[in-house]
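What the coordinates show
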Amino acid sequence: MAKMVALKDIAKVLRSKNSGPFEVTIDIVFKNNDDYKKFMNSGVVTTELIAKLYKLPQEKILTFCGFEAANAFKITIPRRRNQGSIGETDMHAAQQHAPLLSIMIPWDKE
Amino acid sequence: MILKKKEVRVLTPLGMMGYGIPEKWYHKGVEWKPDVITVDAGSTDSGPQKLGLGAMTCSREAYYKEFELLLDTCYNKKIPVFISSAGGDGTNAHVDIFLDIVKEIAGKKGYHFKIAAIYSDIDKEYIKKKIRQGKVAPCGPLENLTEEEVDLASNIVAQMGSEPFIKAMKECKDLDIIISGRSYDPAPTAAYAIYHGFDLGLSWHMGKIMECGALCAEPAGRNIFGIMHEDGFTLEAPNPAEKCKSYSVAAHTLYEKAHPYLLPGPGGVLDLSGCNFEQISDSAVKVSGSKFVPKTYTVKLEGAKPVGFRTICVAGIRDPILIGQIDSYLEHIRERVDEFVGDPKSYELIFHVYGRDGVMGECEPDTETVPKELCVIIEVAAATQNQANMICNKARTELLHYPYEGRIATGGNCGFPFTPLEIPLGEVCKFNVYHIMEIDDPTEVFPIKYLEV
């Protein structure tokens with residue numbers, strides 16, 4: 001059986017950020033193309049998983065897409081509340097990556 | 001006819017005007033002989049209160065300090081300086097404050113400049129006409145724009161593309177300074193390269209990366225230097241410790257954008273799917289293959305409206321007996337406050353419970369950990385400051401004294417670090433305009449004023 005490793009220990013960058021006032025975008029960037037491909041092939045991060053972690057229907061996910069030239073994967077979702085208005089908890093949406101940190105990915109050494 | 005340059009050299013001293021330019025590396029960047037210095041001052045990232053209340057991102061003093069440095073270079077080295085999105089939101093009022101700073105410094109130091117000021121406040125009647133023509137659409141997951149919301153917005157600006165900058169450069173050949181209102185962040189850099197005949201895709205991509213300063217380097221820094229060539233552009237930071245790496249530049253391309261390689265902007269989409277990021281030295285990267293795909297010309301409108309007044313109270317809880325029942329306890333407090341106010345629709349009461357889920361709210365994945373201590377921030381929003389203060393006061397006194405099951409600590413339920421115990425926050429705003437609007441001429445809604453000081 002493949003060894004399971006947390007996404008935080010594989011990704012070079014795992015960040016979230018507001019993209020304008022109505023969207024949160026999450027970037028998962030790998031240190032090289034091999035790692036990117038292993039992540040993509042694992043099939044662990046799916047729209048179902050994102051919908052479950054961020055408590056939204058799958059069809060609300062705005063972007064779910066890899067960019068091989070950057071060895072990066074991007075997920076964009078709507079904000080839960082209007083940015084910087086009543087009830088804000090994360091103006092720059094900079095901490096919204098947290099639920100992904102401990103997602104386990106099967107990770108065999110080459 | 002503009003003679004095409006062999007290359008275009010751009011220095012951007014930092015990603016956000018007012019945040020502090022590292023001077024040593026700025027001067028080194030100037031030694032690399034830039035043709036232009038571009039600085040972006042704009043962002044909606046820090047919230048709607050700037051547009052809603054007319055506040056600037058940084059203080060006039062912070063901008064003044066950076067203007068002194070930039071204008072010294074502009075005057076002594078004859079290098080033009082383009083500054084976009086004055087004050088953060090780019091309203092006409094903030095363009096005028098930036099002009100005022102330039103005049104003050106020029107007067108004090110005996111400098112002379114030719115300046116173009118480009119304005120971006122959009123007339124509300126013009127927007128309503130566009131709504132009726134069906135030429136306004138949401139930019140992201142939000143409602144269609146209504147004429148009523150247009151009226152409620154304090155200020156509405158549009159993000160200009162490269163064309164108003166290019167128009168200013170054409171109309172005044174020896175411009176020293178451009179101060180623009182709200183601009184698409186890459187516009188000043190892109191405009192300079194496009195004006196000199198370079199590829200649209202490469203120009204927008206170089207602008208997109210440089211507008212954040214050396215955030216594309218590892219470690220991230222401030223001053224960044226870009227050189228545009230026929231077949232691509234190179235990036236390098238004047239500070240040798242900040243190294244541009246192919247992966248750091250590629251990763252930055254995705255930064256704060258909704259899609260990884262399709263970046264919509266004024267007049268089209270930047271398509272980076274065929275991009276190549278090549279390491280050409282230990283600290284420099286060459287980017288090529290960026291494509292610009294023209295689309296119907298649209299600009300993004302931004303506006304915000306005030307929605308009430310807020311008061312907060314910050315409280316700490318350490319008693320494990322209360323921490324163990326915090327959810328039901330706060331519901332009791334909410335009921336008591338509702339009863340006191342009488343009209344639950346007239347206000348909002350939000351408990352931010354740090355230590356439990358203060359940051360993630362309902363998306364907090366860890367529901368198991370029992371925290372040692374909690375920080376509860378009571379947030380109240382109401383129609384007036386007095387009302388918000390009064391409701392927050394009620395919630396605060398209930399939180400301090402209302403009994404809970406098994407209580408043995410009868411001195412008070414929480415510890416308050418700050419006075420006043422209820423902290424008035426003033427007016428709170430909300431983005432209510434974030435829509436794209438079709439326009440026929442990319443310069444028609446951005447009037448330019450020329451002046452000499």
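A few points on the structure. (Residues numbered from 1 in each chain as written. Chains lettered and ligands numbered in written order. Predicted model: local features only at pLDDT ≥ 70, side-chain atom pairs only at ≥ 80, totals over all residues. Heavy atoms only, no water.)

So, the overall build of chain B
Helix and strand counts for chain B come out as 13 helices and 21 strands. Dimensions of chain B, computed from C-alpha atoms along their principal axes, come out at roughly 80 × 50 × 50 Å. Taking all 453 residues of chain B together, the buried fraction comes to 56%. By sequence separation, contacts in chain B at least 24 residues apart represent 77% of the contacts at least 6 residues apart. Summed over all atoms, the accessible surface of chain B reaches about 18400 Å², with 52% contributed by carbon and sulfur. Positive and negative side-chain charges of chain B, numbering 48 and 63 respectively, have mean locations separated by a distance of 6 Å. (Helix = DSSP H or I, 4+ residues; strand = E, 2+ residues; numbered from the N terminus. Buried < 20%, exposed > 50% of the residue type's maximum accessible area, 1.4 Å probe, protein only. Contact = heavy atoms within 4.5 Å. Areas by Shrake-Rupley, 256 points an atom, 1.4 Å probe, with all protein chains shown as cover. Lys, Arg positive; Asp, Glu negative; His and termini not counted. Charge placed at Lys NZ, Arg CZ, Asp CG, Glu CD.)

Considerations on the environment of P186 of chain B
Residues and elements named next belong to chain B. Inspection of the secondary structure puts P186 in the loop between strand 7 (177-180) and helix 8 (187-195). What makes P186 buried here is its relative accessible area of 3%. Taking the C-alpha atoms as reference points, P186 and T38, 148 residues apart in sequence, are found 9.5 Å from one another.

Examining the interface of chain A and chain B
Taken together, the contact between chain A and chain B spans 43 residues of the former and 45 residues of the latter. Between chain A and chain B, the buried area comes to about 3600 Å², and carbon and sulfur atoms account for 64% of it. Counting the contacts that link chain A with chain B gives three salt bridges. Measuring nitrogen to oxygen at the nearest pair gives 2.6 Å for the salt bridge that ties D45 of chain B to K17 of chain A. Our enumeration of links across chain A and chain B arrives at 20 residue pairs in polar contact (both at pLDDT 80 or more). Looking at the side of chain A that touches chain B, the elements with two or more residues in it are strand 2 (13-18), strand 3 (23-29), strand 4 (63-67), strand 5 (72-78) and helix 3 (98-101) of chain A. Tallied by class, the residues present in the side of chain A that touches chain B amount to 16 nonpolar, 16 polar and 11 charged. (Buried area = accessible area lost by both parts, 1.4 Å probe. Salt bridge = Lys/Arg side-chain N within 4 Å of Asp/Glu carboxyl O. Polar contact = N/O pair within 3.5 Å; in protein donor to acceptor, adjacent residues only side chain to side chain. Nonpolar A, V, L, I, M, F, W, Y, C, P; charged D, E, K, R; others polar.)

Side note on empty space enclosed by the protein
All names here are of chain B. Under the definition given, this model contains four cavities of 30 Å³ or more. Considering only enclosed or pocket space, the largest cavity measures out at about 60 Å³ in volume. Around the largest cavity sit Y184, W204, L263, P264, G265, P266, G268, L270 and F292, which together line it. At the level of elements, strand 12 (262-265) and strand 13 (268-271) are the ones that each hand at least two residues to the lining of the largest cavity. Top contributing element to the lining of the largest cavity by residue count: strand 12, with three residues. (1 Å grid on protein atoms, 1.4 Å probe; cavity = no way out; pocket = protein on both sides within 12 Å on 5 of 7 lines; lining within 4 Å. Points joined across faces, edges and corners; volume = space filled by probe spheres on them.)

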